[in-house]
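Chain by chain, the residues run as shown.
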Amino acid sequence: MLQNIATSKPTVFPAIGITLPASSRSHSPAFPACSKSKLEVPGTFVVTSPKTGIPKPIIKADGGKLVLRKEERELQKKRQLLRSQQPRLTSDELNIQKNSYFHILSLEMLSDGFHESFSELLGLVKQQTLRKSHKGPDSSLWNHKLERLKNHLVTAEKARSKSHFDEEYIARHELATFFQGTGDFWLEEHFLQSCLETSRKIGQISNMQRFAEANCNMASALERQGLLEMATAYFESFYGLTEGQYWENVDGRLLRAVACENLTRIFSKMADRTGKGSSDAALTYLLKSYDKAREGDSKQSLGSTSYRLGEAFCERGDSDRGIKYLLGSADICKQLQDYEGLGNACKAIATAYQREGELAEAERYAELFLQAAQRTGAAEANHAACLTLGQIHNLRVGSIVVYLCQALCYSFESTVECRRPLFITQIRCNGS
C-alpha cells in the first residue's frame, strides 16, 4: 500500500492552476470530500471557466437552456424591473459609495506630511456641516471648493515652513477673495483673519504695510455684512497704521487716502443708522465723516459729505453753518461738473435763505438751481427748479412773473417720460 502511494502520479487541476501531490489524492481533512448531489443536478453538468475557474450557469446535458419554474421567472422579472428603475450614479455618487472626496484629499495631505493643513481643512468642513448650507461635502460644488482649499492650504503651509510669510499671506488672501465671490462670507472672514495673523509676522521682519492692508480687508468684509461698529474699529486701526507712511496700493494710490475715504463712507453709514440726520449722534458722525473727507483726496466724497452736513445744520435751525457747508458742496460740484449735485446744493441754499427772509439771495440760487437742472436735461429736476423759482418770485414780486415761471413749469411737466395724467402745478399768488 505504501509502495502504491509513493509510485502514484500527482494530480493536476489546470482550470485553477493547482497541482496536488500523489499523497494528497486521498480524502484528507484539508480537502474534504463532497457529495455528488451538491455539485451536480441530474441531467445537467457544470462548465467551469478555464481562466478564472468560476462556474458558469448550469446547462442541460442536451445543450438547451435550463427551464425556470413560474415563481422563479416572476422573481427574475421583478428584479429586472427594479434594476431598470434605479437611477444611474454619477462619478461623485460613486465616490460616496466608495470613499468620500474629502477622505481622498485627507489621505493625500497626510501622506505628504501636511498635518496642519489637514487639521485646518477638517475644522472648516465640520463648521460647514454644522451650518447645513450645502448639499454635503461630496457634492460637486463642494468638491471644487475642497480642492481649492487643499491646494492653497498646502501652499501656505509650505511657505510657512520656510518662513516665507508673504507667500503664505498671498495664498490665504486668494482664498478669501475666492470665497467672497462664491458668497461664503464666513470662509472669507476666516481667511482674512488668518491673513491678519500672518501679516503680524511679516511686520516683525520688514514693515507693517501688509498688516495695515489686512486690517482694511477685514473691515471691508465686515462692512459688507452690515457689522458697521466692528468695521469702524478695523478701519480706524488701518487709518492709524498709515499715519506718516507713504505706502501705496496696486493702483499707486496712497493708503492714507484710502483710509480716509473708507472712514468717510463708514461714518456716513453710521449717521444713517442713527435715524434722523439732525440728531446729535448723526451730526457727530457727519462731522467725523467731513473731517476725514477733507483730509483725503476724493473731492466727490468731500462734496457729498458737505451737502449732508449742511442740510443737517439747516434742519437744526442753524442756517448760517448750514449755508457754509452747502456753499462748499456747490463749489466742489461745479469743479467736478456734477450738475445734479450742484442743483441739489443750490436748491438747499435757496431754501435756507428763504427761511431767513433773504429773498434776493434765495432767488439767485433758485436761478442757479434751474440752470443746473437744464444742464442735466432731467425733466423732474427742471420741474422742481421751476417750482422753487416760482414760489420765491411769488414772495418777492407778485403774480406777473409767477405766471411766466408757471408756464415754463408746464412745458417741462409735459416732457416727463412717464405715463401718468398731466399734473399742473398751481402756485397761489399773494393777494389771490
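Look up a bit, the structure's there.
Residues numbered from 1 in each chain as written. Predicted model: local features only at pLDDT ≥ 70, side-chain atom pairs only at ≥ 80, totals over all residues. Heavy atoms only, no water.

Student: Quick rundown of the environment of L370? Include the residues and the values.
Tutor: By the secondary structure assignment, L370 is in helix α17 (residues 359-376). By relative accessible area, which is 11% here, L370 ends up buried. With 27 residues separating them in the primary sequence, L370 and G343 have C-alpha atoms 7.4 Å apart. (Helix = DSSP H or I, 4+ residues; strand = E, 2+ residues; numbered from the N terminus. Buried < 20%, exposed > 50% of the residue type's maximum accessible area, 1.4 Å probe, protein only.)

Student: Kindly report on the nonpolar core, identifying the contributing residues and their values.
Tutor: A general trend in soluble globular proteins is that nonpolar side chains are found buried together. Counting 42 residues, the largest nonpolar core has L121, L146, L149, F179, F191, F238 and I266 as the members making the most contacts within it. Of all elements in the fold, only α5 (101-111), α6 (115-131), α7 (140-161), α8 (165-182), α9 (185-205), α10 (209-224), α11 (228-241) and α12 (255-273) reach the threshold of two or more residues within this core. In terms of residues, this core owes the most to one element, α12, which gives 8 residues. Dropping the residues within four chain positions of it, I266 is found in contact with E223, L228, A231, T232 and F235. Formed by 24 residues, the second largest nonpolar core is a distinct cluster that contains C333, A352, Y353 and L370. (Core = buried A, V, L, I, M, F, W, Y, C linked by side-chain atoms within 4.5 Å. Contact = heavy atoms within 4.5 Å.)

Student: Can you tell me about the side chain of T198, naming the residues and giving the values?
Tutor: Tracing the backbone through its elements, the reader meets T198 in helix α9. For T198, a relative accessible area of 3% translates into the label buried.

Student: How would you explain the pattern of salt bridges if you had to name every residue and give the values?
Tutor: Overall, the coordinates contain 19 salt bridges when judged by the stated rule. E116 is paired through a salt bridge with R160; the nearest N and O atoms lie 2.7 Å apart. Taken as a pair, E116 in helix α6 and R160 in helix α7 lie far apart in primary sequence, 44 residues in all. For E116, a relative accessible area of 48% translates into the label partly exposed. With a relative accessible area of 21%, R160 lands in the partly exposed category. In this structure, R160 and E168 form a salt bridge, with 2.8 Å as the shortest nitrogen-oxygen distance. Connected through salt bridges with shared partners, the residues E116, E120, R160, E168 and R172 form a single ionic network. (Salt bridge = Lys/Arg side-chain N within 4 Å of Asp/Glu carboxyl O.)

Student: Residue-level account of the packing of α17 against helix α18 (residues 379-396), with values.
Tutor: Relative placement of two packed helices is described by the angle separating their axes and the distance separating the axes. Interhelical geometry of α17 versus α18 gives an angle of 160° and a closest axis separation of 8 Å. In this view, α17 runs roughly antiparallel relative to α18, as classed from their interaxial angle. Taken as a pair, α17 and α18 cross one another with a handedness that is left-handed. Two secondary-structure elements touch here, α17 through L359, A360, A362, E363, A366, E367, F369, L370, A373, Q374 and T376 and α18 through A381, N382, A384, A385, C386, T388, L389, I392, H393, L395 and R396. Here the residues of the contact of α17 with α18 are counted per class, giving 14 nonpolar, 5 polar and 3 charged. (Axes fitted to C-alpha atoms, helices over the stretch in contact; angles between N-to-C directions. Parallel < 35°, antiparallel > 145°, perpendicular 65-115°, else oblique. Left-handed = near helix turned anticlockwise from the far one by under 90°. Nonpolar A, V, L, I, M, F, W, Y, C, P; charged D, E, K, R; others polar.)

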